[in-house]
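# Residue-level structural notes
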Amino acid sequence: MAMTMSGEVQLPAPRETVWTKLNDPEVLRVCIPGCEMLDRLSDSEFQAIAVTKIGPVKARWKGKVKLTDLDPPNGYRISGEGEGGVAGFAKGGASVALAEKDGGTLLSYNVEAQIGGKLAQLGQRLVAGASKKMADEFFTKFAAAVSAS
């Protein structure tokens, strides 16, 4: 099953601060819903473990994430894939762009993902709704993290 999602979030911090926090594994670990571990493998690679529950399917995901097209402090591309055991697999990418706006930073994102296994059998609407909820939760926590600096 293929899925796309996009959005914009106005953050109450300078673009350089947002960029720094977007590249800080500790900040990201706290902000990503269900994240148990996020370790930096190199300047552009991370390894992660996260637990999600979508409908009746709960899974512990293990995966790697790679950052490319780095353009500090304007944005980058994230790509990754993860295995969720019987729940299935997910792989995809997102482009993230940062722009100065209204004394803060406007973060724009576009996500494309492929999902397979039990998770894909739940249906597009349920998975898309849960993904949107997790994105909203991440950005609420991330906005708090950048405004605290």
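Residues numbered from 1 in each chain as written. Predicted model: local features only at pLDDT ≥ 70, side-chain atom pairs only at ≥ 80, totals over all residues. Heavy atoms only, no water.

## Describing the overall build of the protein chain
What counts is decided by this rule: Per the convention used, a helix needs a DSSP run of H or I reaching at least four residues, while a strand needs a run of E reaching at least two, with both numbered from the N terminus. Within these notes, the globule rule equals 2.2 Å times the number of residues to the 0.38 power, and the radius of gyration is based on C-alpha atoms. Only protein chains enter the accessibility calculation, which uses a 1.4 Å probe. A residue is then buried if its area is under 20% of the maximum for its type, exposed if over 50%, and partly exposed in between. Computed by Shrake-Rupley with a 1.4 Å probe, the accessible areas treat only the displayed protein chains as cover when residues are assessed. In this charge count, Lys and Arg are treated as positive and Asp and Glu as negative; neither His nor the chain ends contribute. Note that the charge is assigned to NZ on lysines, CZ on arginines, CG on aspartates and CD on glutamates.
For the protein chain, the helix and strand inventory stands at four helices and seven strands. Compactness check: the protein chain gives a C-alpha radius of gyration of 15 Å against a globular reference of 15 Å for 149 residues, within 12% of the reference. Oriented by its inertia axes, the alpha-carbon framework of the protein chain measures out at about 45 × 30 × 25 Å. Among the 149 residues that make up the protein chain, the fraction classed as buried is 40%. Just so you have it, the protein chain exposes about 8,000 Å², and 54% of that area is on carbon and sulfur atoms. For the protein chain, the distance from the average position of its 18 positive side-chain charges to the average position of its 17 negative side-chain charges is 9 Å.

## A word on helix 4 (residues 124-147)
Rules: Each residue after the first adds 1.5 Å to the expected span of a helix. Any two residues having at least one pair of non-hydrogen atoms within 4.5 Å are treated as being in contact.
The terminal C-alpha atoms of helix 4 lie 34 Å apart, and with 24 residues this matches the ideal 34 Å at 1.5 Å per residue to within 8%. Along helix 4, the residues that are buried comprise Val-127, Ala-130, Ser-131, Ala-135, Phe-138, Phe-139, Phe-142, Ala-143, Ala-145 and Val-146. For helix 4, the secondary structure elements touched by its buried residues are strand 1 (2-11), helix 1 (15-22), helix 2 (25-31), strand 3 (45-54), strand 7 (104-116) and helix 3 (118-121).

## Some thoughts on the pattern of salt bridges
Rules: Between Lys or Arg on one side and Asp or Glu on the other, a salt bridge is scored when a side-chain nitrogen of the former is within 4 Å of a carboxyl oxygen of the latter.
Under the definition given, this model contains six salt bridges. The salt bridge involving Glu-100 is made with Arg-15; its shortest N-O contact spans 3.4 Å. With Glu-100 in strand 6 (residues 89-101) and Arg-15 in helix 1, the pair connects residues that are 85 residues apart, well separated along the chain. Residue Glu-26 is joined to Arg-29 by a salt bridge in which the shortest nitrogen-to-oxygen separation is 2.6 Å.

## Quick look at the pairing of strand 2 (residues 35-42)
Our working rule: Should DSSP find at least two bridges between two strands, the strands are taken to pair.
Both strand 2 and strand 3 contribute to a ladder of six bridges, which runs antiparallel. Of the residues in strand 3, the one forming a bridge with Arg-40 is Phe-46. Connecting the antiparallel pair strand 2 and strand 3 is a turn made up of two residues.

## Notes on helix 1
Put simply, the test is: It is the directions from the helix axis to the C-beta atoms that the arc portrays.
Every buried residue belonging to helix 1 is among Arg-15, Val-18, Trp-19, Lys-21 and Leu-22, and all of these are buried. Down the axis of helix 1, the buried side of the element spans an arc of 165°, and every buried residue falls inside it.

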